[in-house]
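# Inside the fold
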Amino acid sequence: ERQLVGGQRKGAVSGCRLEGVQSGQLIAVEQIVFQLNIIYNVHIKLASEDIANCRMTTTFENQSLDAVLNVISETLNLLVTKDGDTIIISGEGCL
């Protein structure tokens, strides 16, 4: 299994870890989505650029994709839908 921290592969570990903090900085949703696509081998896309700029600080360890998407949607008030094999994250975005 793989570990990604701040978008950098850290090698084999026991469990997948997605960490939303790099040097104390908030991480953009578009970077989180990029990492999720790699870790879970899925196709997630953002419905608008406004969502890409949303930022959050969080750590996911050994969570299901649904659990991770639920945290993102609840934290940022976004909607997660599925269209075939594609997962779409939509909403108003962030200020």
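For the structure, see preceding data.
Before going into details, it helps to say that this report is about the structure given with it. Predicted model only: the values in this text are computed from it and were never measured. (Residues numbered from 1 in each chain as written. Predicted model: local features only at pLDDT ≥ 70, side-chain atom pairs only at ≥ 80, totals over all residues. Heavy atoms only, no water.)

Mapping Ser73 onto the fold places it in helix H3 (residues 65–76). Only 3.0 Å separates the side chain of Ser73 from the backbone oxygen of Asn70, close enough to count as a polar contact. Aside from chain neighbours lying at most four places away, what touches Ser73 is Leu78 and Val80. (Helix = DSSP H or I, 4+ residues; strand = E, 2+ residues; numbered from the N terminus. Polar contact = N/O pair within 3.5 Å; in protein donor to acceptor, adjacent residues only side chain to side chain. Contact = heavy atoms within 4.5 Å.)

Our focus in this paragraph is the state of the cysteines. Scanning the entire structure with this criterion turns up one disulfide. The disulfide partner of Cys54 is Cys94, and the gap between their sulfur atoms is 2.0 Å. What sets the handedness of the Cys54 and Cys94 disulfide is the S-S torsion sign, and at about 110° it is right-handed. Placement of Cys54 in the loop between helix H2 (49–52) and strand E6 (55–56) and of Cys94 in the segment after strand E9 (86–90) is noted, with a sequence separation of 40 residues between them. Using a relative accessible area of 0% as the deciding quantity, one classes Cys54 as buried. (Disulfide = S-S within 2.5 Å. Buried < 20%, exposed > 50% of the residue type's maximum accessible area, 1.4 Å probe, protein only.)

On to the pairing of E9. Most of E9 is tucked away, with five of its five residues classed as buried. Of the two faces of E9, the one carrying Thr86, Ile88 and Ser90 and the one carrying Ile87 and Ile89 are both buried. Pairing of strand E5 (residues 43–46) with E9, which is carried by four bridges, proceeds in the parallel orientation. Considered in E9, the bridge of Leu46 is made with Ile89. In this structure, strand E8 (residues 79–83) lies alongside E9, joined through five bridges in antiparallel fashion. Bridge pairing in E9 places Thr81 opposite Ile88. Where E8 hands over to E9, the hairpin turn is made up of two residues, of which Gly84 adopts a positive phi near 65°. (Pairing = 2+ DSSP bridges.)

It is worth spelling out the pattern of salt bridges at this point. Under the definition given, this model contains one salt bridge. For the salt bridge of Asp66 with Lys82, the shortest nitrogen-to-oxygen distance reads 4.0 Å. Residue Asp66 is located in helix H3, and its partner Lys82 is located in strand E8; the two are separated by 16 residues in the primary sequence. Since its relative accessible area comes to 51%, Asp66 is described here as exposed. (Salt bridge = Lys/Arg side-chain N within 4 Å of Asp/Glu carboxyl O.)

In the Ramachandran plot, Asn41 falls in the positive-phi region, its phi being about 55° despite a non-glycine side chain. Relative to the helices and strands, Asn41 resides in the loop between helix H1 (29–39) and E5. Overall, Asn41 belongs to the exposed group, its relative accessible area being 70%. Residues other than glycine seldom take positive phi values, yet Asn77 does so here, at roughly 55°. Mapped onto the elements of the fold, Asn77 is located in the loop between H3 and E8. On the basis of relative accessibility, which here comes to 69%, the residue Asn77 falls in the exposed class.

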